[in-house]
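Listed here are the chains, written in short residue letters.
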Amino acid sequence: MAEQQFVMTQKNLDDLKNELDYLVKVKRPEIIERIAEARSHGDLSENAEYDAAREEQRSNEGKIAEIEYQIKNASVQEEITDNTYVHLNSVVTVLDEEFGEEDTYTITSVTDVDVMNNKISSESPVGAALMRKRIGDEVSVSCPDGSYKLRIVSIR
């Protein structure tokens, strides 16, 4: 089976490496210290502090493994500064003419998604529909209830 590729810019890759470095060199030792401290309090069967630290350790180790996998399978794409079409790291304003609503999205790699701040993946339904399109283009976005159309208002 082929490995999944994570398309990203060099900046995205550098950010992932910095996060991995922090998780391994700072957070992991802090968690180990908290586990040791909780162990020193005796009976582990009813030690909530120990259980919480172990759960945080599992979560941290899972995040480390995930980031290592993304770095290993990174496909670095050259940073593009051309704003005549949508590409990775474009900030795109779209208009849903049916509802008369405008939204602005930043198109990111899957490793940099932050839906709360309108950072969407180039592989998401909206992101994929917008990729390589230009101002004025109308795109159709597939969703479980059918599809809807968005018109590109601006790209920066």
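The model shown is predicted, which means the values in this text are computed figures rather than measured ones.

Colleague: Just to check I follow, could you spell out the nonpolar core for this structure?
Modeller: Grouped together as the largest cluster of nonpolar side chains are 15 residues, with contacts concentrated most on Val86, Val92, Val94, Ile107, Val126, Leu130 and Ile152. Contributions of two or more residues to this core are made by strand 3 (91-96), strand 4 (101-108), helix 3 (125-130), strand 6 (138-143) and strand 7 (146-155). Once residues within four sequence positions are removed from consideration, leucine 130 is found in contact with Val86, Val92, Val94, Ile107, Val139 and Ile152. Grouped together as the second largest cluster of nonpolar side chains are eight residues, Phe6, Leu20, Ile64 and Ile67 included.

Colleague: Teacher, can you tell me more about the side chain of histidine 87 here?
Modeller: Looking at where histidine 87 falls in the secondary structure, it is placed in the loop between strand 2 (74-76) and strand 3. For histidine 87, a relative accessible area of 5% gives the class buried. For histidine 87, the side chain forms a polar contact with the main-chain oxygen of aspartate 82, separated by 2.7 Å. Leave out the neighbours within four places in its chain, and histidine 87 touches Ile80, Thr81, Asp82, Ile107 and Met131.

About the cut-offs
- Residues numbered from 1 in each chain as written.
- Predicted model: local features only at pLDDT ≥ 70, side-chain atom pairs only at ≥ 80, totals over all residues.
- Heavy atoms only, no water.
- Core = buried A, V, L, I, M, F, W, Y, C linked by side-chain atoms within 4.5 Å.
- Buried < 20%, exposed > 50% of the residue type's maximum accessible area, 1.4 Å probe, protein only.
- Helix = DSSP H or I, 4+ residues; strand = E, 2+ residues; numbered from the N terminus.
- Contact = heavy atoms within 4.5 Å.
- Polar contact = N/O pair within 3.5 Å; in protein donor to acceptor, adjacent residues only side chain to side chain.

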